[in-house]
Amino acid sequence: MATTRGILVDITKCIGCRSCEQGCKQIHGFPTDTELKLSTTALTIVEEHGDRFVRRMCMHCQDPACASACLVGALKKSGAGPVTYDAGKCIGCRYCLVACPFSVPRYEWTKLVPYVKKCDMCAERQAKGQLPACVEACPVQASISGTREEILAEAQRRILNDSKYVKRIYGSEEAGGTSVFFISDVPFEKLGFAAPPKQPLPLLTASALGDGPTVILVGGALLSGLYWITQRRALVALAEAREKSAKEGS
Amino acid sequence: MTAKRFPKISFWRTIVALIFAAGIYSMYARFALGFKAATNLTDPQPWGLWVGLGTLCGVGLSAGGFAIAASVYLLGLDRYRPILRTSVLISFLGYCTVCIGMMYELGIPWRIWHPIVMWNRHSVLFEVSWCVMLYTTVLALEFSPALIEKLPWAKPRDLYLRWHHSILIALVLAGTLLSSMHQSFLGGLYLITKGRLDPLWYTPYLTTMFYLSAIPAGLALTIMAIYLCVRSLNVRVDMSILSDVSKVIAPLLAMWGVFRFVDLISRDTIGYLWMWREETLLFWLEIALLVIIPLILLNQQKVRQNPQYLYGTCAVVVMGFITNRLNVSITALQASSGIYYVPKWTEFAATLATIAAAVVAFHYAIVYLDILPKNPPPQKWMASSVPARA
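Being a predicted model, the structure only gives us computed values, none of them experimental. (Residues numbered from 1 in each chain as written. Chains lettered and ligands numbered in written order. Predicted model: local features only at pLDDT ≥ 70, side-chain atom pairs only at ≥ 80, totals over all residues. Heavy atoms only, no water.)

### Looking at the interface of chain A and chain B
- In this assembly, 48 residues from chain A lie in contact with 51 residues from chain B.
- Of all residues in chain A, A:Leu71, A:Trp109 and A:Leu209 give up the largest surface area on contact with chain B, accounting jointly for 17% of the area buried on that side.
- Our count for the contact surface shared by chain A and chain B stands at 1 salt bridge.
- With a shortest N-O distance of 3.5 Å, B:Asp43 and A:Arg106 are connected by a salt bridge.
- Between chain A and chain B we count 23 residue pairs in polar contact (both at pLDDT 80 or more) in total.
- Of the residues contributing to the side of chain A that touches chain B, the split by class is 33 nonpolar, 12 polar and 3 charged. (Contact = heavy atoms within 4.5 Å. Buried area = accessible area lost by both parts, 1.4 Å probe. Salt bridge = Lys/Arg side-chain N within 4 Å of Asp/Glu carboxyl O. Polar contact = N/O pair within 3.5 Å; in protein donor to acceptor, adjacent residues only side chain to side chain. Nonpolar A, V, L, I, M, F, W, Y, C, P; charged D, E, K, R; others polar.)

See below:
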């Protein structure tokens, strides 16, 4: 996983120009009007919290809840970092929307053949060695991309060398760690960041699923045993009844 | 007698006709206009009434079939054999409504077969979909003799019935295991909502909670259906069987209640029990309907032995069960979703119409198939006397 890609957003540098929004909309061919919330035509947006600007987008978890939830495997964590969506597999159950701890995936509620929409960290562009569209569009390098290790080290360096930063990298341990990181000089709670559990969410369901084979083996054995006893008792009762009637007959 | 008569317009027929009319509009809205027109679902509330009531309650209330089949065939409790076919029929129709409901729920319903070939074994929903698929097949097979035995051709009929007899125990065993798995995995679906599902409901034991509550609720629905058959469909059932079933429901509900409170105490969530908020009120409504009221009522012989009282008590259990499932799937997630979801009327209509279709199918199955023994037809000499109701 050494080549896993990631994005670092430095909230102290963001000037709120929304170039990232526009860059994203352009490469996807979406209408370019500014939107206030993530939508099927706005896979990243800039929120205003006081005098700070906060980008929202898919966090690309290391062990994504959405990918573990998707029953047909349409959502996948690729080796290169992005969590990608295969629209050809999706059946529209929307369990990914239920599962995501950051409430990121969006659904095309108005369409008759609706799909899920979310950021894929420009997986195709990155595979060709290009930058994600939002990162490329940023004029002040508030968003930078690189390998996950590189940008984590960079985030570490920034918050250690400058006392204005909150001593925390949002994304380093949220939901078991993500591939998109935020650093800020204002506590994250005040900027509308979600507070998901620290462990990878798929672990929560894995333990229940792990019980499945046990249920089948133990339950199957138990029920077969009970059936055997039931049968045996019926046979014994029958034999006794026959014996009794034979005795009475003689 | 006139050769052709129009069906009489009665109260219940009018209701059913209205439900179907509304259901047809909902179908049009969902499939011709889309989710936005047919539902109040949004990104923060991606699952609503169709999942909460249609799927979670539909599957849960259909648990009676496997419970009775396992009791009769695996545990040898022949006492319940007379109601076996009815309970299997109820479960089968219940799962049919779930499968039809799935068509409404899925954004791309014609891809419903995808999970058969596209696997993700880390997904709880994948396991649920396979179990539901297989168990619906098992139920169809378990119920099939009721239809096959009506075939006029003796040879294929007997051949099928003999084959069916030889695989019956395997079917029941598989059905019991499949049911146990997906009844609990339906609760497992919500394990991934940690931190967002209200603490009064989120527990690592959601799976066990769902399993323990489904069996008594399924049995309660079975009692209700059989009571209604006896009351209006001219069939006979030994009512003491129903009162025996109710003797099983009470300890199962008590067990669920004890487990629920032990879990709440062990997770240190007692504080939430006395907070003045909507979730807590709904929690107490759930506990009252699913545990307290039924236990008080079922503890009285007068209630257990009077079919009408028993029917009422079972209705309370079923309502409590529905409250529990809607709490987990909708109300306990509202606070964290940040929006207030109220289902659109078309959502209610679609679900109601599906249930009404199952009830109509059940009615005709009881009338035309040998599910429950029928009362003898009235004799000529009885025509003028008081109608005899056994």
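### Some thoughts on the domain arrangement of chain A
- Splitting chain A by domain gives domain 1 (5–200) and domain 2 (206–250).
- The centre of domain 1 of chain A, based on its C-alpha atoms, is set 57 Å off from the matching centre of domain 2 of chain A. (Domains from an automatic or database assignment.)

### A closer look at the side chain of B:Ser62
- Considering the arrangement of structural elements, one finds B:Ser62 in the loop between helix 3 (49–61) and helix 4 (64–74).
- If near-sequence neighbours (up to four positions away) are discounted, B:Ser62 is found in contact with B:Ile90, B:Ser91, B:Gly94 and B:Tyr95. (Helix = DSSP H or I, 4+ residues; strand = E, 2+ residues; numbered from the N terminus.)

### Regarding helix 4 of chain B
- In terms of residue burial, helix 4 of chain B counts as a mostly covered element, since 11 of its 11 residues are buried.
- All of the buried residues in helix 4 of chain B are B:Gly64, B:Gly65, B:Phe66, B:Ala67, B:Ile68, B:Ala69, B:Ala70, B:Ser71, B:Val72, B:Tyr73 and B:Leu74.
- Looking at the packing, one finds that the buried side of helix 4 of chain B touches helix 7 (202–249) of chain A together with helix 3, helix 5 (84–105), helix 7 (124–143), helix 9 (154–188) and helix 10 (206–232) of chain B.
- Immediately downstream of helix 4 of chain B, the backbone of B:Gly76 shows phi near 70°, a positive value. (Buried < 20%, exposed > 50% of the residue type's maximum accessible area, 1.4 Å probe, protein only.)

### Some remarks on the nonpolar core
- Among the nonpolar cores identified, the biggest contains 137 residues, and A:Tyr95, B:Ile83, B:Tyr190, B:Leu197 and B:Ile366 are the most heavily contacted of them.
- Here this core gets 14 residues from one element, more than from any other, and that element is helix 10 of chain B.
- Residue contributions to this core reach at least three from each of two domains, namely domain 1 (5–200) and domain 2 (206–250) of chain A.
- Excluding residues that lie within four positions of it along the chain, B:Ile83 makes contacts with B:Ile68, B:Ile226, B:Val237, B:Ile241, B:Leu242 and B:Val245.
- In this structure, A:Met57, A:Val104, A:Tyr170 and A:Val186 belong to the second largest nonpolar core, which totals 32 residues. (Core = buried A, V, L, I, M, F, W, Y, C linked by side-chain atoms within 4.5 Å.)

### Things to note about the pattern of salt bridges
- Taken as a whole and assessed by the stated rule, the structure comprises 27 salt bridges over all chains.
- Measuring nitrogen to oxygen at the nearest pair gives 3.2 Å for the salt bridge that ties B:Lys150 to B:Asp370. Highlighted residues: B:Lys150 in the loop between helix 8 (145–148) and helix 9 and B:Asp370 in the segment after helix 15 (345–368), separated in sequence by 220 residues.
- Residue classification places B:Lys150 among the partly exposed positions, given a relative accessible area of 40%.
- On the basis of relative accessibility, which here comes to 41%, the residue B:Asp370 falls in the partly exposed class.
- The partner of B:Lys374 in a salt bridge is B:Asp370, with the nearest N and O atoms 4.0 Å apart.
- Judged by its relative accessible area of 32%, B:Lys374 is partly exposed.
- Several salt bridges share partner residues, and in doing so they unite A:Arg168, A:Glu173, A:Glu174, A:Glu189 and A:Lys198 into one network.

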